[in-house]
Each structure stands twice: as structure tokens, then as C-alpha cells.
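The primary structure of each chain is shown beneath.
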Amino acid sequence: MSSEGLGVLITPSAAGTGWREALTARAVSLGWAVHDGASEPPGVGLVFAHDHAGLLAFPPSARAVVRDTTATANLDPGQPAVLDEIILRSTILAEAELAATQGAAVFNAARYVLDFPILGTIERRDDGPYRIHPSVSESPLAIFDDLEPGSQANWHPRWFVYVGGYEGSIDEPQIDMTGRMRAFLHGPYIRLPAGRWRVDVHFTVDPQRAHAPLLFEWGSGIEFSRIMTEINYPGSYAVSLDRVWQEADAAQLRIWNAHPVFQGRFGFQGARVTRVAMDDPTPPTPTDRIVEASVG
């Protein structure tokens, strides 16, 4: 068998199966062994890795990532039942981005002919059209379609967890704020790559002639940026939080009652997540203290 090899990470897309089959056929024709997600990749043959670590047995010149846009994913992001799959896909996409920063060649899965390292020119044969779902514009993974600063995704209310439930529809959930200090929504645990990320949260509040003390947290694990504000008048509001991820991790937005309240209603309208340039002049939201902030 040849001593050469290639590690490939294919992100989920409509073309993924076609590229897997085409790459396998070429490897077999050369007498290579083919491994799928080997826990200890041999560094020879063809390895279909499940993460960046699965490529490390190969030199950077023998690593490849095949990626597509979320518009061609084989799932409808408008269906809440696939949240677990969305989280898994975000993990793979974050791993693919890490692999690219570590020297892997990146290829566009939408093409039918690609020039791979080591294996050369390969053509995929599947002729099926991509299925683009009507709700794809709301894909929570759209931030991966463009890796440059400014790429955005809308995180619809359907992707969040409502601790005490909600009234109304999942498109416009209404939360009764009455009760003790608590996080009344959190999520969606979509994995973000290392870098600077901003979340703009949109919501309505009716303090019902009282006041609504709110705490917003943006981060992962135990590291969060925080903004606390008190709202005294009914209306529509927005607040922005900005944080740097030192490494890929599952992102979480949490919204709390900052203190016990006797009344009030909170309407969640979703959030917009934006990839921000590391040299953006706006200071990140502090992580070590709560800051008073106005909303508008």
C-alpha cells in the first residue's frame, strides 16, 4: 500500500455523500485503506475525520475540508425537533474552521470537480438537486456561510429553552415574570468558533405599573458577559452583548429576573448573532462585573 494518505473532514451538506463516495473510489483505486472517524488515525490511506483532531496524524499539506453553505443542508432549520442536529452540525462546522486555520485546504462542496491534495482531480457523480428549505434564511448556522467579520445568523425563539414555559406561540413567546430571581430562558448551545461574537437581543416588556429588573448573560461554560437593566415602561427594547471566545464552545444566552418581582410580562423576539472583527473599537461587555446599561 502507498505510504501516502489524506485526512478529510466533510461538513454536513447535500453534496457530502457524493464527495465521500468519490473520494473513497479514488482511494480504493490506489490501493489505500479507508478509515471512518478513526480514534487514532494511521496517517496513511484515506481518513474521513469527525473533527480537527482526526486530521492531526497527517501533515497540514495532507488535510482537506469540504464545506458548503447552510442553504444546502439536508434539514429544515424551521423545525424545532432538529435542535440536537443543529448543535451537532455547529460542532462539526466549528471543527472545520479550526482545521482551516491550522493549514487544511478548504474546498467548496457545491462544485462537481475539485483538485484535492495527494489524490488530485476528483469528480463527484451525484446529480440530485440541492433542497433549499423555505426557512433557510432563518438558519441559526448561517454565521458559518461567511467566515469574515460581519456574518450573521438569526436565532429564532424556537431554539431556546423556557424554564417555566411560555404563553402564546413559539414565534412570539410571552413569559410571566412573577416570582423569584431566576433564569426564565436560556440556550441554544450552538457551538461558536474562537473569535469575537456579538448578540443583539430583541424583546418587549410590560412591567404592569411596577418595574422589571432584567439580567442578560452571553457566554459559555462559566464565563459570561453581563448587562443588568431595570425597565419601568412598556415597550420594545434591545440590548447588545459582546464577548471573545478563546476557543470553540457552546454559546448560551440567558435572561433572568435580576430580583424577585410580583408582576410583569416579557416577550422574547429572538436574537441576532454577529461575527465581529477582533480589532473592533467597541469594547467587549465586561465579564467580571454587572454593568448598568440602558436599552432602546
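Residues numbered from 1 in each chain as written. Predicted model: local features only at pLDDT ≥ 70, side-chain atom pairs only at ≥ 80, totals over all residues. Heavy atoms only, no water.

Engineer: Outline the packing of aromatic side chains, supporting the account with residue identities and numerical values.
Structural biologist: Tallied over the entire structure, the rule returns 10 aromatic pairs. Among the aromatic residues, ring-to-ring pairing joins Phe184, Phe203, Phe216, Tyr237 and Phe266 into one connected group. The residue whose ring lies beneath Arg124 is Tyr112, and the NZ or CZ to ring-centre distance is 3.9 Å. Across from the ring centre of Trp245, 4.6 Å away, lies the NZ or CZ of Arg243, which sits over that ring. (Phe/Tyr/Trp six-rings, centres within 6.5 Å; stacked < 30°, edge-to-face > 60°. Lys NZ or Arg CZ within 6 Å of the ring centre and 35° of its normal.)

Engineer: Give a detailed account of the pairing of strand β12 (residues 195-206), specifying residues and quantitative values.
Structural biologist: In terms of burial, β12 is a largely internal element, 10 of the 12 residues being buried. Relative to strand β15 (residues 235-245), β12 is paired through 11 bridges, and the arrangement is antiparallel. Counterpart to Phe203 in the pairing with β15 is Tyr237. Note: β12 against strand β17 (residues 265-276), 10 bridges, orientation antiparallel. Across the sheet, residue Asp206 finds its bridge partner in β17, namely Arg265. (Buried < 20%, exposed > 50% of the residue type's maximum accessible area, 1.4 Å probe, protein only. Helix = DSSP H or I, 4+ residues; strand = E, 2+ residues; numbered from the N terminus. Pairing = 2+ DSSP bridges.)

Engineer: Can you break down helix α2 (residues 83-101) residue by residue, with the values?
Structural biologist: The terminal C-alpha atoms of α2 lie 27 Å apart, and with 19 residues this matches the ideal 27 Å at 1.5 Å per residue to within 8%. Among the residues making up α2, those that are buried are Leu83, Ile86, Arg89, Ser90, Ile92, Leu93, Ala94, Glu95, Ala96, Glu97 and Ala99. Those residues of α2 that are buried lie in contact with β1 (5-10), β4 (63-67), β11 (182-192) and β17. One or two steps after α2, the chain reaches Gly103, where phi turns positive at roughly 110 degrees. (Expected span 1.5 Å × (residues − 1). Contact = heavy atoms within 4.5 Å.)

Engineer: Provide a residue-level description of the sheet that holds β4, including the pertinent values.
Structural biologist: Taken together, 5 strands build an open sheet; the order of strands is β2-β3-β1-β4-β5 and the sheet is parallel. Across the chains shown, the open sheet's two edge strands, defined by having one partner strand only, are β2 (34-36) and β5 (105-108). Between one strand axis and the next, the sheet turns through 20 degrees on average, direction left out of account. Direction of pairing for β1 relative to β4: parallel, over a ladder of 4 bridges. Residue pairing in the sheet places Gly7 in a bridge with Arg63 of β4. Each of β1, β2, β3 (45-48) and β4 touches helix α1 (residues 16-29); the most contacted strand, β3, lies at about 160 degrees to it. In the packing of α2 onto the sheet, contacts are made with β1, β4 and β5, and the angle to β1 comes to roughly 140 degrees. (Axes fitted to C-alpha atoms, helices over the stretch in contact; angles between N-to-C directions.)

Engineer: Can you tell me about α1, naming the residues and giving the values?
Structural biologist: Taking 1.5 Å per residue, 14 residues should reach 20 Å; α1 reaches 20 Å between its end C-alpha atoms and fits that length. For α1, the full list of buried residues reads Gly16, Gly18, Trp19, Ala22, Leu23 and Ala27. Looking straight down α1, one finds that the buried residues subtend no more than 165 degrees of arc, so they occupy a single side. Residues of α1 that are exposed and point more than 90 degrees away from the buried face comprise Thr17, Glu21, Val28 and Ser29. Lining the buried residues of α1 we find β1, β2, β3, β4, β6 (113-116) and β7 (120-123). Just downstream of α1 lies Gly31, where phi reads positive at about 80 degrees. (Arc of directions from axis to C-beta.)

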